[in-house]
Amino acid sequence: MAFTLSPGNHADISEAPALLDKCPAPTRLLADKGYDANSLRDRLAATETEAVIPSTRSRKAPIPYDAEAYQGRNRIERAFCRLKDWRRIATRYDKLAINFASAVAIAAVIIWWT
């Protein structure tokens, strides 16, 4: 498991390459429509990772994806909701990024452990 800390005004897709560099190549990547970009799909194909990403409406020819596997994305959303149960993380009390990242890591470990 890995995470990156980015400014709130950055799109998630711009942080995806840095995050993928931090962990071994996954077998399958579940992501929402915000990650539907040819550059990311090409990168995933190069590492033989299955992209389970629904196409945006602006795509002329939608790319098929495994809808049954995409239902597992619910776990990811629930994990973010569990992290936001920690008031310190939900409101971002920490001024320094390293302190905030440490709080996220500690909360993630405790959530995984329980």
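Residues numbered from 1 in each chain as written. Predicted model: local features only at pLDDT ≥ 70, side-chain atom pairs only at ≥ 80, totals over all residues. Heavy atoms only, no water.

## Observations concerning the overall build of the chain
- Scanning the chain from N- to C-terminus turns up 6 helices and 2 strands.
- Each helix and strand of the chain, ordered N terminal to C terminal, gives the series α-β-α-β-α-α-α-α.
- By sequence separation, contacts in the chain at least 24 residues apart represent 29% of the contacts at least 6 residues apart.
- Put simply, the chain shows about 8,500 Å² of open surface, and 57% of that area lies on carbon and sulfur atoms.
- A gap of 7 Å separates the mean positions of the 17 positive and 13 negative side-chain charges of the chain. (Helix = DSSP H or I, 4+ residues; strand = E, 2+ residues; numbered from the N terminus. Contact = heavy atoms within 4.5 Å. Areas by Shrake-Rupley, 256 points an atom, 1.4 Å probe, with all protein chains shown as cover. Lys, Arg positive; Asp, Glu negative; His and termini not counted. Charge placed at Lys NZ, Arg CZ, Asp CG, Glu CD.)

## Focus: the packing of helix 1 (residues 12-21) against helix 2 (residues 38-46)
- Between helix 1 and helix 2, the least distance of the axes is 10 Å, while the angle of their chain directions is 15°. Of the possible angle classes, the one that applies to helix 1 and helix 2 is roughly parallel. Considering the relative orientation of helix 1 and helix 2, their crossing is left-handed. Residues Ile13, Ala16, Pro17, Leu20 and Asp21 of helix 1 form the contact with helix 2, whose participating residues are Leu40, Arg43 and Leu44.
- Grouping the constituent residues of the contact of helix 1 with helix 2 by class yields 6 nonpolar, no polar and 2 charged. (Axes fitted to C-alpha atoms, helices over the stretch in contact; angles between N-to-C directions. Parallel < 35°, antiparallel > 145°, perpendicular 65-115°, else oblique. Left-handed = near helix turned anticlockwise from the far one by under 90°. Nonpolar A, V, L, I, M, F, W, Y, C, P; charged D, E, K, R; others polar.)

## Examining the packing of aromatic side chains
- Tallied over the full model, the rule gives 1 aromatic pair.
- Centroid distance Tyr65 to Tyr70: 5.7 Å. Interplanar angle 75°. Geometry classified as edge-to-face.
- The positively charged end of Arg92 is found above the aromatic ring belonging to Phe100, 4.4 Å away from the centroid. (Phe/Tyr/Trp six-rings, centres within 6.5 Å; stacked < 30°, edge-to-face > 60°. Lys NZ or Arg CZ within 6 Å of the ring centre and 35° of its normal.)

## A few points about the nonpolar core
- Counting residues in each nonpolar core, the largest one holds 9 residues, listed as Ala16, Leu20, Leu29, Ala31, Tyr35, Leu40, Leu44, Ala51 and Ile53.
- Taken together, the elements giving at least two residues each to this core come down to helix 1 and helix 2.
- Non-local contacts of Leu40, meaning those with residues more than four positions away in its chain, are made with Ile13, Ala16, Leu20, Leu29, Tyr35 and Ile53.
- By size, the runner-up hydrophobic cluster in this structure holds 7 residues, among which are Leu83, Ile89, Ala107 and Ile111. (Core = buried A, V, L, I, M, F, W, Y, C linked by side-chain atoms within 4.5 Å. Buried < 20%, exposed > 50% of the residue type's maximum accessible area, 1.4 Å probe, protein only.)

## A short note on the environment of Arg28
- With respect to the element layout, Arg28 can be found in strand 1 (residues 28-30).
- Separated by 14 residues in the primary sequence, Arg28 and Asp42 have C-alpha atoms spaced 14 Å apart.
- Within the local environment of Arg28, its side chain forms a polar contact with the side chain of Glu50, the two groups lying 3.1 Å apart. (Polar contact = N/O pair within 3.5 Å; in protein donor to acceptor, adjacent residues only side chain to side chain.)

## Details of the confidence of the model for the chain
- Confidence in the prediction for the chain averages 91 pLDDT; 100% of positions are at 70 or higher.
- For the chain, the element scoring lowest by mean pLDDT is helix 1, at 89; strand 2 (residues 50-52) scores highest, at 95. (pLDDT = per-residue confidence, 0-100.)

## Observations concerning the side chain of Arg59
- Examined against the element boundaries, Arg59 turns out to sit in the loop between strand 2 and helix 3 (67-70).
- You can call Arg59 buried: its relative accessible area is 19%.
- Polar contacts involving the side chain of Arg59 include one to the side chain of Asp36, which spans 3.0 Å.
- Excluding anything up to four places from it in sequence, Arg59 contacts Asp36, Ala37, Asn38 and Arg41.

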